[in-house]
Amino acid sequence: MKLDAIHHVAIIVSDYRRSREFYVDKLGFRVIRENYRQDRGDWKLDLACGDIELEIFARPRAPERPTRPEALGLRHLAFKVEDIEGAVAELAALGIPCEEIRLDTYTGKKMTFFFDPDQLPLELHQ
């Protein structure tokens, strides 16, 4: 088997409108598809981030993440940026705080974390 690339990452959120505003209006993801799934009573929002899609499923009664970030399953999403200081400043202007910028022990590259409305850890990696 030859796997070519990651096609998409899926996350579950508790509040559709709040998460849509965060990922689309604040982070600038492009909407590919937006569908209310009547049979499941939830929303599915497909977003573009470069060549990868982010699927957001809004499930209001989904269980909360047990710990941050060391729970089984998805640990965090990491986004590559050219200018981490600039990206952190843009997030701050949108009211999204970031942790202190630090160096990745193994790559020597700058990195930091911030969080989506459901406290999913998101990383910026230069």
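The preceding data block contains the structure.
Backbone-to-backbone hydrogen bonds pair the strands of a sheet. The strands run either parallel or antiparallel. Judged by pairing direction, the sheet is mixed, and its 4 strands sit side by side in the order β5-β8-β7-β6 without closing on themselves. Bordering the open sheet on either side are β5 (77-80) and β6 (102-103), each of which pairs with just one other strand. Sheet analysis places β6 next to strand β7 (residues 110-115), joined by 2 bridges and oriented antiparallel. What sits directly across from Leu103, in β7, is Lys110. The strands touched by helix α2 (residues 84-93) within the sheet are β7 and β8 (121-125), with β7 carrying the most contacts at an inclination of about 15°.

The calculated volume of the largest pocket comes to roughly 570 Å³. Contributing to the lining of the largest pocket are 22 residues, with Ile12, Pro63, Glu64, Arg65 and Asp118 lying nearest its centre. Residues of the lining of the largest pocket, tallied by class, amount to 12 nonpolar, 4 polar and 6 charged. The calculated volume of the second largest pocket comes to roughly 270 Å³. Every residue lining the second largest pocket is counted, 15 residues in all, and those nearest its centre are Leu27, Val81, Leu91, Phe114 and Leu124. Those elements giving two or more residues to the lining of the second largest pocket turn out to be β3 (42-49), β5 and α2.

The rules behind these values
- Residues numbered from 1 in each chain as written.
- Predicted model: local features only at pLDDT ≥ 70, side-chain atom pairs only at ≥ 80, totals over all residues.
- Heavy atoms only, no water.
- Pairing = 2+ DSSP bridges.
- Helix = DSSP H or I, 4+ residues; strand = E, 2+ residues; numbered from the N terminus.
- Contact = heavy atoms within 4.5 Å.
- Axes fitted to C-alpha atoms, helices over the stretch in contact; angles between N-to-C directions.
- 1 Å grid on protein atoms, 1.4 Å probe; cavity = no way out; pocket = protein on both sides within 12 Å on 5 of 7 lines; lining within 4 Å.
- Points joined across faces, edges and corners; volume = space filled by probe spheres on them.
- Nonpolar A, V, L, I, M, F, W, Y, C, P; charged D, E, K, R; others polar.

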